[in-house]
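Read off the chains here:
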Amino acid sequence: MKTRILQTFETLKELKNKGFVTLLSLSAEDLGDNSHDEGGFKLTYTLYNPVNKEFKEIETTVNNECFSVCTLYKSANYDEREVYDLFGIKFKNHPNLKRIFLPENFEGHPLRKDYKPFNGKDLEG
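The rules behind each value
Sequence positions are assigned chain by chain, starting from 1 and proceeding in written order. pLDDT decides what is reported in this predicted model: residues at 70 or higher carry local features, side-chain atom pairs at 80 or more are listed and counted, and totals for whole chains, interfaces and linings draw on all residues regardless. Excluded from the side-chain calculations are hydrogens and water; all other atoms, namely the structure's heavy atoms, are used. The numbering of helices and of strands both runs from the N terminus, where a helix is a DSSP run of H or I of at least 4 residues and a strand a run of E of at least 2. Accessibility here uses a 1.4 Å probe with only protein chains present; expressed as a share of the type maximum, an area under 20% marks a residue as buried, one over 50% as exposed, and anything in between as partly exposed. Centres within 6.5 Å are what make two rings of Phe, Tyr or Trp a pair, Trp counting through its six-membered ring; a difference in plane orientation under 30 degrees is then read as stacked, over 60 as edge-to-face, and the rest as tilted. Should the NZ of a Lys or the CZ of an Arg lie within 6 Å of a ring centre and within 35 degrees of the ring normal, that charge is described as sitting over the ring.

1. Brief notes about unusual backbone geometry
Okay, step 1: Residue lysine 53 is not a glycine yet carries a positive backbone phi of 55°.
Okay, step 2: Within the element layout of this structure, lysine 53 appears in the loop between β2 (41-49) and β3 (54-62).
Okay, step 3: The class for lysine 53 is exposed, based on a relative accessible area of 62%.
Okay, step 4: Unusually for a residue other than glycine, asparagine 93 sits at a positive phi of about 70°.
Okay, step 5: Examined against the element boundaries, asparagine 93 turns out to sit in the segment after β5 (90-92).
Okay, step 6: Overall, the relative accessible area of 67% leaves asparagine 93 in the exposed class.

So this is what it looks like as structure tokens:
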């Protein structure tokens with residue numbers, strides 16, 4: 001699994017050297033694997049080459065963690081924090097990986113398929 005994640009980082013690095021200097025977005029999708037140990041999430045990196053006016057999407061599957069690409073693309077800082085906050089995917093070597101939308105004491109990650117939302121009945125005594 002680590003090899004695939006490292007290959008993704010190296011692929012993004014190579015594409016940046018070929019002119020894909022803009023990371024437009026990083027998105028995540030929960031693939032529904034309850035354990036999330038063997039690639040339960042799909043990450044999609046959308047890159048742009050302004051010289052050729054060309055877009056590329058790089059997709060990979062990860063478990064609960066992967067390498068940060070903030071060293072390659074500064075715009076990844078916000079996107080990785082968002083993915084961490086809503087999906088719980090940890091980005092190794094991220095400079096400030098903490099929640100961005102939800103309070104620090106919020107339990108769980110609401111865009112995971114195994115997330116159990118608060119239903120109000122827990123308050124009834």
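Here the narrative resumes, following the displayed structure.
2. Structural notes on the packing of aromatic side chains
Okay, step 1: Enumeration according to the criterion identifies four aromatic pairs in this entry.
Okay, step 2: Where phenylalanine 41 meets phenylalanine 87, the ring centres are 6.2 Å apart and the plane angle is 85°; that geometry is what we call edge-to-face. Placement of the pair is phenylalanine 41 in strand β2 and phenylalanine 87 in helix α2 (residues 76-87), with a sequence separation of 46 residues. The two residues phenylalanine 41 and phenylalanine 87 agree in class, both being buried.
Okay, step 3: Consider the rings of phenylalanine 106 and tyrosine 115, whose centres lie 6.2 Å apart with planes at 25°: the pair is stacked.
Okay, step 4: Using a relative accessible area of 27% as the deciding quantity, one classes phenylalanine 106 as partly exposed.
Okay, step 5: Taking the relative accessible area as the measure of exposure, tyrosine 115 reaches 22% and is therefore partly exposed.
Okay, step 6: Stacked on the ring of tyrosine 73, the Lys or Arg lysine 16 has its end atom at 5.1 Å from the ring centre.

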